[in-house]
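Working through the structure, step by step
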Number of protein chains: 2
Amino acid sequence: MAELPLPDLDPTSDRAVFRQIADHIRHAIEQGILAEGDKVPSEAQLMQHYGVARMTVRNALQVLQGEGLTVAEHGRGVFVRSHPPVRRLASDRFARRHREQGKAAFIAETEGAGGKPAVDSITITEERASADVAERLGITSEDHVIARSRRYMIDGQPVETAVSYIPAEIARDTRIAQPDSGPGGIYARLEELGYRLDHFVEEIRSRIPLRDEVRALKLAPGVPVFHLVRTAYATGGRAVEVCDTVMSSDAYVLSYELPAR
Amino acid sequence: MAELPLPDLDPTSDRAVFRQIADHIRHAIEQGILAEGDKVPSEAQLMQHYGVARMTVRNALQVLQGEGLTVAEHGRGVFVRSHPPVRRLASDRFARRHREQGKAAFIAETEGAGGKPAVDSITITEERASADVAERLGITSEDHVIARSRRYMIDGQPVETAVSYIPAEIARDTRIAQPDSGPGGIYARLEELGYRLDHFVEEIRSRIPLRDEVRALKLAPGVPVFHLVRTAYATGGRAVEVCDTVMSSDAYVLSYELPAR
C-alpha cells in the first residue's frame with residue numbers, strides 16, 4: 001500500500017487517538033496535501049496505517065464530517081468537500097454607515113470579502129400576513145404584507161434564501177414592492193419613507209433542512225441550516241419588517257457582540 | 001379506520017398540500033390532541049385520509065421532524081417528541097445587573113422561566129492553551145489556562161456542555177479554579193480581581209453532533225448542535241475568558257439585538 005501523507009500517533013499525547021487522527025487529516029486538508037474533491041484514505045487504509053480499530057477510524061472521520069470538511073458518498077468513500085467561502089456576519093452589519101454607501105448588506109459584505117455576490121429568484125407578492133409574521137409586525141392576520149423572496153449566492157453557490165415581509169400599508173406602490181429596490185436596499189427605502197431604523201432583533205434556530213431547502217441551497221448531506229428571523233424596528237418601536245431566512249450552516253459564521261454593562 | 005383528528009385539505013389555499021398537512025398535525029400537537037409520546041397517524045392513514053401520494057405525506061412528516069416536533073423511530077412509526085423547555089437567550093443575559101444578583105446566567109434564566117436548573121460533570125484542569133484558544137485570548141500556546149468543563153441540565157434533560165478557558169495567570173489559586181466558583185459565577189470573580197467586563201463576542205456555528213455529543217446531550221436523531229464560542233473582554237480590551245459551548249439546537253433559541261445606528 002502506498003504511504004499515506006499522515007504522521008504516526010503520539011502515544012504521549014493526552015489527546016484521544018481518534019482526535020489525533022482527525023487532527024492529522026484536517027492538517028493535510030488545510031495544507032492542501034488533500035485537496036478539494038480528493039478521496040480521504042479509506043477506513044481500511046487508516047486502520048492499517050495507525051494500527052487501530054475500525055470504530056476509532058470512524059470516530060475520527062465523523063469529527064471531520066461534523067466540521068463540514070469532508071463528505072461521505074455512499075459506496076464511494078469519503079471526500080474533501082469543496083467549500084463556499086464562509087460569510088462572517090458581524091453585529092454592525094446593519095449600521096447606517098454601511099447603508100449610506102448605497103449597497104445592501106449582502107452585496108457589500110461579500111465584495112468586501114473578495115467573493116462575487118449574486119441574488120436570484122426574486123419574487124414579490126402581496127398577501128395576508130401569517131399568524132407568526134402578524135404577531136412580529138404587530139398587525140393582524142387580516143392585514144396584508146408585501147413579501148419579497150430571493151436567494152443569495154456567493155461565487156455561484158447558493159448560501160441563503162430569504163423572505164422579507166413589510167406591511168403593505170407601508171410598502172405598497174413603493175420601490176420596496178419592485179424587484180430592484182434601489183441603492184441601499186429596502187432599509188434605505190424604509191428610512192426615506194420616514195421609518196428611521198433603530199435596532200434589529202435576530203432569533204436563531206438550527207435544524208436539519210427540509211427537502212426543498214436542500215435543493216434550493218444545494219446542501220451537502222449532513223449540513224444543517226440556520227433558521228434566522230430578523231425583525232427591524234423603527235424609532236418609536238414600530239416593527240417595519242420581518243425577514244425570514246434559511247442559511248446553509250457551512251457558509252456562515254454568525255457573530256454578535258453583547259454588552260456586559 | 002378510526003377517524004383522524006385532522007381537518008380536510010383546503011383546495012382554495014395557496015399553501016402547498018404537504019404544508020397544509022404539516023399545519024394540521026402541528027396544530028393537533030399544539031392543542032394537545034396529539035400529546036408527547038403519542039404516535040402520529042401512519043403514512044398509510046394520512047394517504048387515505050387526505051387522498052394524496054406517499055411522497056406528499058413524507059414531505060409533511062419531514063417538515064415536522066425538521067421542526068423538532070416529531071421523531072421517527074425505525075420500524076415503529078413517528079412519535080410526538082417530549083421536549084425540554086426551550087431556553088431563550090437574550091442579548092442582555094450577561095448584563096451586570098443580572099450578575100449582581102449573585103446568580104450565574106444559566107441558573108437565573110432557567111429559574112426565571114420556571115425550570116429546574118442543574119450543573120454536573122464539573123472538572124477543572126490547568127493545561128496548555130490550544131492554538132485556537134491562545135489566539136482568542138491573545139496569549140501563546142506555551143501559556144497555561146484554567147479549563148472549567150461542565151454540563152447544564154434543565155429539568156433533568158442535558159441541554160449544553162461548556163468549557164471555559166481563563167488565563168492561568170489570572171485564575172490560578174483563585175475561586176475560578178474551584179468547582180464552586182461562588183455567587184455570580186466566574187464573571188463576578190473576574191470583576192473582583194479587577195477585570196471589569198466590557199463586552200462579549202459570540203461566534204455561532206451549527207453542525208451535526210459528534211458521537212460523544214449525542215451521548216452527553218442525549219440528542220434525538222436529526223437534532224443538530226449550536227457550537228457557540230464566546231470571548232469575554234475586559235475594559236481596555238483584554239480577553240479574559242473563552243467559553244466553548246455545544247448546545248442542543250432544540251433546547252435553545254438564540255436572540256440578539258443589533259444596532260441600526
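A few points on the structure. In this text the structure is predicted, and so the values were computed from the model without any measurement.

1. Observations concerning the interface of chain A and chain B
Contact with chain A, which involves 47 residues of that partner, is made by 47 residues of chain B. Regarding the contact of chain A and chain B, the summed buried area is about 4200 Å², with carbon and sulfur atoms giving 53% of it. Taken as a group, Arg211, Leu258 and Ala260 of chain A account for 17% of the area that chain A buries against chain B, more than any other trio of residues on that side. Put simply, chain A and chain B have two salt bridges between them. Asp212 of chain B serves as the salt-bridge partner of Arg19 of chain A, at 2.9 Å between the closest nitrogen and oxygen.

2. Notes on the relation of the copies chain A and chain B
Overlaying chain A with chain B gives an RMSD of 0.1 Å, the required rotation being 180° about an axis along which the chain moves by 0.1 Å. This pairing of chains is accounted for by a two-fold axis. Of the interface residues in chain A, 100% have counterparts in chain B that sit at the interface too, so the contact is made through matching surfaces.

3. Considering the nonpolar core
In this structure, Ile204, Tyr252 and Leu254 of chain A together with Ile204, Tyr252 and Leu254 of chain B are the most contacted members of the largest nonpolar core, which totals 65 residues. Leave out the neighbours within four places in its chain, and Leu254 of chain A touches Leu89, Ile204, Phe226, Leu228 and Met247 of chain A together with Glu202, Glu203 and Ile204 of chain B. In terms of nonpolar packing, the next biggest core, distinct from the first, is built from 22 residues, Leu4, Ile21, Ala22 and Val40 of chain B among them.

4. Some thoughts on the packing of aromatic side chains
Inspection of every chain in the model, using the stated rule, returns nine aromatic pairs over all chains. Their ring planes at 90° and their centres at 5.6 Å tell us that Phe94 of chain B and Tyr187 of chain B sit as a pair that is edge-to-face. Taken together, the residues Phe94 of chain B in the loop between strand E3 (87-89) and helix H4 (96-99) and Tyr187 of chain B in helix H8 (residues 185-192) connect sequence positions 93 residues apart. Taken as a pair, Phe94 of chain B and Tyr187 of chain B share a single burial class, namely buried. Plain terms: the ring middles of Tyr187 of chain B and Phe200 of chain B are 5.1 Å apart, the flat faces sit at 55° to each other, and that makes the pair tilted. Of this pair, Tyr187 of chain B sits in helix H8 while Phe200 of chain B sits in strand E7 (residues 197-207), placing them 13 residues apart in sequence. There is no split in this pair, since Tyr187 of chain B and Phe200 of chain B are both buried. An aromatic cluster is defined as three or more aromatic residues linked by ring pairs; in this entry it consists of Phe94, Tyr187 and Phe200 of chain A.

5. A short note on helix H8 (residues 185-192) of chain A
For an α-helix, the turn length of 3.6 residues means that residues three or four places apart are oriented alike. Residues and elements named next belong to chain A. Buried residues dominate H8, accounting for seven of its eight residues. When H8 is considered as a whole, its buried residues turn out to be Gly185, Ile186, Tyr187, Ala188, Arg189, Leu190 and Glu191. Phi turns positive one or two residues past the end of H8, at Gly194, with a value near 100°.

6. Quick look at the environment of Leu217 of chain B
Residue and element names in this part refer to chain B. In this structure, Leu217 sits in helix H9 (residues 211-217). In sequence terms Leu217 and Asp92 are 125 residues apart; their C-alpha atoms lie 26 Å from each other. Filtering out sequence-adjacent residues up to four positions away, Leu217 remains in contact with Gln157, Pro158, Val159, Glu160, Thr161, Val225, Val246, Met247 and Ser248.

7. Regarding the sheet that holds strand E10 (residues 252-259) of chain A
Spatially, E3(A)-E10(A)-E7(B)-E8(B)-E9(B)-E6(B)-E5(B)-E4(B) is the arrangement adopted by the eight strands of the open sheet, whose pairing is mixed. In this open sheet, the two strands that pair with only one neighbour each are strand E3 (87-89) of chain A together with strand E4 (117-128) of chain B. When the angles between neighbouring strand axes are averaged without regard to direction, this sheet yields 15°. Here strand E5 (residues 144-154) of chain B pairs with strand E6 (residues 157-167) of chain B via 10 bridges, running antiparallel. Residue pairing in the sheet places Arg151 of chain B in a bridge with Thr161 of chain B of E6 of chain B.

Rules of the game
Residues numbered from 1 in each chain as written. Chains lettered and ligands numbered in written order. Predicted model: local features only at pLDDT ≥ 70, side-chain atom pairs only at ≥ 80, totals over all residues. Heavy atoms only, no water. Contact = heavy atoms within 4.5 Å. Buried area = accessible area lost by both parts, 1.4 Å probe. Salt bridge = Lys/Arg side-chain N within 4 Å of Asp/Glu carboxyl O. Least-squares fit on C-alpha atoms with pLDDT ≥ 70 in both. Core = buried A, V, L, I, M, F, W, Y, C linked by side-chain atoms within 4.5 Å. Buried < 20%, exposed > 50% of the residue type's maximum accessible area, 1.4 Å probe, protein only. Phe/Tyr/Trp six-rings, centres within 6.5 Å; stacked < 30°, edge-to-face > 60°. Helix = DSSP H or I, 4+ residues; strand = E, 2+ residues; numbered from the N terminus. Pairing = 2+ DSSP bridges. Axes fitted to C-alpha atoms, helices over the stretch in contact; angles between N-to-C directions.

Everything listed here is a matter of coordinates, which is why it stays silent on function.
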